[in-house]
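As a plain string of letters, each chain reads:
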Amino acid sequence: MALSLPDWPWDALAPYAVRARAHPQGVIDLSVGSPVDPTPAIIRESLSAATDAHAYPLTAGTPALAGGIVDWFGRRRGVDDLSAANVMPTIGSKEFIAGLALWLGLGPGDIVVQPSLAYPTYAVGAALVGATVVSSDDPVEWPEGTRLVWINSPGNPNGRILSVEQLAAAVARAREIGAVIASDECYAELGWDDEFDAVATPSILDPRVTGGNRTSVLCVCSLSKQSNLAGYRVGFVAGSSDLIGRLLTVRKHLGIVPPAPIQAAMIAALADDTHVRAQKAVYRSRRDRLRPALERAGLRIDHSEGGLYLWATAGQDAWATVGRMADLGILVVPGTFYGAETSQHVRIALTASDAAIDSAVDRLTTVHF
Ligand SMILES: Cc1ncc(COP(=O)(O)O)c(C=O)c1O
């Protein structure tokens, strides 16, 4: 079977990167959401203390890691009834997102639902098995017989946060149509309203969402952003013990298991809320500077209630905005990379150093969109 994957849209950005790099003070890259701040010392020390790794690691994670994931859900997500049978580590969340349709046994003719604006890997996973993608945010529209539903909160690219009620409606509809529902919550610790400091953004595993029944429900998480661990490749999944058990069997056969020293680093990262809080404060301060500067320059920010991006529009074609930003030496991404629904929004990442953000703020004073 010939594999037909979506195009790699980032190639289309290359000429704008050239244009932005030509700026006399250099490029400020706000295109990719790749962390720029150091990995916290406590995590690096846990990794280096675990480099004697002669034995094969456990696909399900060490008992300490499973316990760390369970504790994190209790402490940060209001989900306090999980056990080790409900959780599983992943090698970052992207591999899991790309592989899930395959491991659930989907094939040609099956339907995968994704958000109308979506991280591209949901569709990649569908393409891997020849399934059909339906893009819709309204559970009522999700077709009968859908096999897999992806939702994403806080959302990439638009930073939309789904409430407990919206998550509950999604779960109810998925149950009605017989689908597995997977919620990508990799920005859960980055909700900007004050209420999301005490606990992270609502989880699909919240008992108010599931009604205490996790059947067919999965929650996908990542430490890439909240702990500056994108280079370690660390994520985890929680939910239905039946699904987790089936997925673990596949992953054992395929050898998809985070290396033991990485599992040790994850334990340290999950046990410590202090560094997550500190990193969030750093992003908040960048956001608090960049957002008004964009607004003063005539851009409107929509959603962006959570996550690492500002979802902005100048009321003109997204590529025109990308071009004008490139002339300021600021590289941003057109919203069209994430779905056909929008042609005028651009996605602007907060993942740049404080100095780079300050410089972007300065440059934005020279234009009006
Ligand atoms: C919505 C969303 N899901 C998943 C990922 C994958 O993250 P990782 O593989 O680093 O866990 C990203 C990365 O940017 C993302 O934006």
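Residues numbered from 1 in each chain as written. Predicted model: local features only at pLDDT ≥ 70, side-chain atom pairs only at ≥ 80, totals over all residues.

### Regarding the overall build of the protein
Turning to step 1, where the next piece is worked out: In terms of regular secondary structure, the protein is built from 13 helices and 13 strands.
Turning to step 2, where the next piece is worked out: Since a compact globule built from 369 residues should have a radius of gyration of about 21 Å, the 20 Å found for the protein is in line with a globular shape.
Turning to step 3, where the next piece is worked out: Each principal axis of the C-alpha distribution contributes one length, and for the protein these read about 55 × 50 × 40 Å.
Turning to step 4, where the next piece is worked out: Long-range contacts, defined here as pairs at least 24 residues apart, represent 77% of the contacts in the protein between residues at least 6 apart. (Helix = DSSP H or I, 4+ residues; strand = E, 2+ residues; numbered from the N terminus. Rg over C-alpha atoms; globule rule 2.2 N^0.38 Å. Contact = placed C-beta atoms within 7 Å.)

### Some details on the domain arrangement of the protein
Turning to step 1, where the next piece is worked out: By the assigned domains, the protein splits into domain 1 (9-38 + 275-364) and domain 2 (54-272).
Turning to step 2, where the next piece is worked out: Computed over C-alpha atoms only, the centres of domain 1 and domain 2 are separated by 27 Å.
Turning to step 3, where the next piece is worked out: The interface is formed by 26 residues belonging to domain 1 together with 26 residues belonging to domain 2.
Turning to step 4, where the next piece is worked out: For the side of domain 1 that touches domain 2, the elements supplying multiple residues, two or more each, are helix H11 (274-296) and strand E10 (309-313).
Turning to step 5, where the next piece is worked out: For the side of domain 1 that touches domain 2, the residue count by class is eight nonpolar, ten polar and eight charged. (Domains from an automatic or database assignment. Nonpolar A, V, L, I, M, F, W, Y, C, P; charged D, E, K, R; others polar.)

### Some remarks on helix H10 (residues 260-271)
Turning to step 1, where the next piece is worked out: Taking 1.5 Å per residue as the helical rise, H10 with its twelve residues ought to reach 16 Å, and the 17 Å between its terminal C-alpha atoms agrees with that figure.
Turning to step 2, where the next piece is worked out: In terms of burial, H10 is largely enclosed, as ten of its twelve residues are buried.
Turning to step 3, where the next piece is worked out: Within H10 the residues assigned to the buried category are Ala260, Ile262, Gln263, Ala264, Ala265, Met266, Ile267, Ala268, Ala269 and Leu270. (Expected span 1.5 Å × (residues − 1). Buried ≥ 20, exposed ≤ 12 C-beta atoms within 10 Å, placed from the backbone.)

### What about the pairing of strand E6 (residues 180-184)?
Turning to step 1, where the next piece is worked out: Within E6, five of the five residues are buried, leaving the element largely enclosed by the surrounding structure.
Turning to step 2, where the next piece is worked out: Alternating residues of E6 divide into Val180, Ala182 and Asp184 and Ile181 and Ser183, and every residue in both groups is buried.
Turning to step 3, where the next piece is worked out: Remark: the strand E5 (residues 148-152)/helix H6 (residues 164-177)/E6 crossover connection has right-handed handedness.
Turning to step 4, where the next piece is worked out: Two elements, E6 and strand E7 (residues 217-222), share four bridges in a ladder whose sense is parallel. Each residue of the ladder has a partner; that of Ala182, found in E7, is Leu218. (Right-handed = clockwise from strand over helix to strand, strands pointing away. Pairing = 2+ DSSP bridges.)

### Remarks on the sheet that holds strand E2 (residues 87-90)
Turning to step 1, where the next piece is worked out: Sheet architecture is open: seven strands sit in the order E2-E8-E7-E6-E5-E3-E4, paired in mixed fashion. The open sheet terminates on both sides in strands that have one partner only, identified here as E2 and strand E4 (132-135). On average, each strand axis in the sheet is tilted by 20° relative to the strand beside it, whichever way the strands run. (Axes fitted to C-alpha atoms, helices over the stretch in contact; angles between N-to-C directions.)

### A short note on the site of the ligand
Turning to step 1, where the next piece is worked out: Gly92, Ser93, Lys94, Ser222 and Ser224 are the nearest of the 14 residues found near the ligand.
Turning to step 2, where the next piece is worked out: By residue class, the composition of the shell around the ligand is four nonpolar, eight polar and two charged. (Near = placed C-beta within 6 Å.)

### Here's the deal with the sheet that holds E10
Turning to step 1, where the next piece is worked out: Judged by pairing direction, the sheet is antiparallel, and its four strands sit side by side in the order E9-E10-E13-E12 without closing on themselves. What marks the edges here is a single partner per strand, and that holds for strand E9 (300-302) and strand E12 (333-334).
Turning to step 2, where the next piece is worked out: Inspection of the sheet shows E10 paired to strand E13 (residues 345-349) by five bridges, in the antiparallel sense. Opposite Trp311, over in E13, you have Arg347 as the bridge partner.
Turning to step 3, where the next piece is worked out: Sitting on the sheet, H11 touches E9, E10 and E13, and the angle it makes with E10 is about 5°.
Turning to step 4, where the next piece is worked out: Running at roughly 40° to E13, helix H12 (residues 318-327) makes contact with E12 and E13 of the sheet.

### As for the nonpolar core
Generally speaking, soluble globular proteins have nonpolar side chains that are buried together.
Turning to step 1, where the next piece is worked out: In terms of nonpolar packing, the biggest core is built from 110 residues, with Ile69, Val112, Leu148 and Ile181 touching the most fellow members.
Turning to step 2, where the next piece is worked out: Among the elements that line this core, the one with the most residues is H10, at nine residues.
Turning to step 3, where the next piece is worked out: There are two domains that each give this core at least three residues, and those are domain 1 (9-38 + 275-364) and domain 2 (54-272).
Turning to step 4, where the next piece is worked out: If we ignore the near neighbours within four places in the chain, the residues touching Leu148 are Leu100, Ala101, Leu104, Leu106, Val112, Ala179, Val180 and Ala182. (Core = buried A, V, L, I, M, F, W, Y, C linked by C-beta atoms within 7 Å.)

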